[in-house]
Amino acid sequence: MANNKRIDRYAFKYNYYFMVGENFYHSEDSRYWGFVPDVNIIGKAVVILFSKGGDGCRWKRLFKRIK
């Protein structure tokens, strides 16, 4: 419904992305503040600084570049 009228189609104006927090000091992500339009994304991840698995730190992933 839009303006109290039934609509059959809707085209999004932007591409939207789900952003994941880094879980540092309980950071929040898209589950808290919603999807982010592509025009608001100003950077990208390039390296893995820390990776934790079920048994602790995953040493082979530290400081690896993200392709």
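We now turn to the structure provided with this report. Along each chain, residue indices are assigned from 1 in the same order as the chain's sequence is written. Only residues with pLDDT of at least 70 are given local features in this predicted model, and only at 80 or more are side-chain atom pairs given and counted; all residues enter the totals for whole chains, interfaces and linings. In computing side-chain properties, one takes all heavy atoms of the structure into account and sets aside hydrogens as well as water.

## With respect to the packing of aromatic side chains
- Each Phe, Tyr or Trp ring, with Trp reduced to its six-membered ring, pairs with another whose centre is within 6.5 Å; inter-plane angles below 30 degrees give stacked pairs, above 60 give edge-to-face pairs, and intermediate values give tilted ones. According to the stated counting rule, one finds 3 aromatic pairs in the structure shown.
- Judged by centre distance (5.9 Å) and plane angle (65°), the rings of Phe 18 and Phe 35 are edge-to-face. Of the two residues, Phe 18 is situated in the loop between β1 (16–17) and α1 (30–33) and Phe 35 in the loop between α1 and β2 (36–37); the sequence distance between them amounts to 17 residues.
- Looking at Phe 35, the relative accessible area reads 56%, which means it is exposed.
- A network of ring pairs unites the aromatic residues Tyr 10, Phe 12 and Tyr 16 as a single cluster. Here a strand is any run of E in DSSP of at least two residues, a helix any run of H or I of at least four, and the numbering for each starts at the N terminus. Exposure is judged per residue with a 1.4 Å probe applied to protein chains only, and the accessible area is read against the type maximum: over 50% gives exposed, under 20% gives buried, and values in between give partly exposed.

## A short note on the pattern of salt bridges
- Each salt bridge in this description consists of a side-chain nitrogen of Lys or Arg and a carboxyl oxygen of Asp or Glu lying within 4 Å of one another. What the rule picks out here adds up to 2 salt bridges.
- Asp 8 is paired through a salt bridge with Arg 6; the nearest N and O atoms lie 3.0 Å apart. Neither Asp 8 nor Arg 6 differs from the other in exposure class; each is exposed.

## Regarding the side chain of Ser 51
- Within the element layout of this structure, Ser 51 appears in the loop between β3 (47–48) and β4 (52–53).
- Ser 51 gets classed as buried once you look at its relative accessible area, which sits at 4%.
- Side-chain polar atoms of Ser 51 contact the side chain of Arg 61, separated by 2.9 Å.
- In this view, Ser 51 contacts Gly 56, Cys 57, Arg 58, Arg 61 and Leu 62; residues no more than four positions away in its chain are not counted. Each polar contact in these results corresponds to two N or O atoms within 3.5 Å; when the atoms are within protein, one needs to be able to donate a hydrogen and the other to accept it, and residues that are neighboring in sequence are counted only if both atoms are side-chain atoms. Whether two residues are in contact is decided by their heavy atoms: any pair within 4.5 Å suffices.

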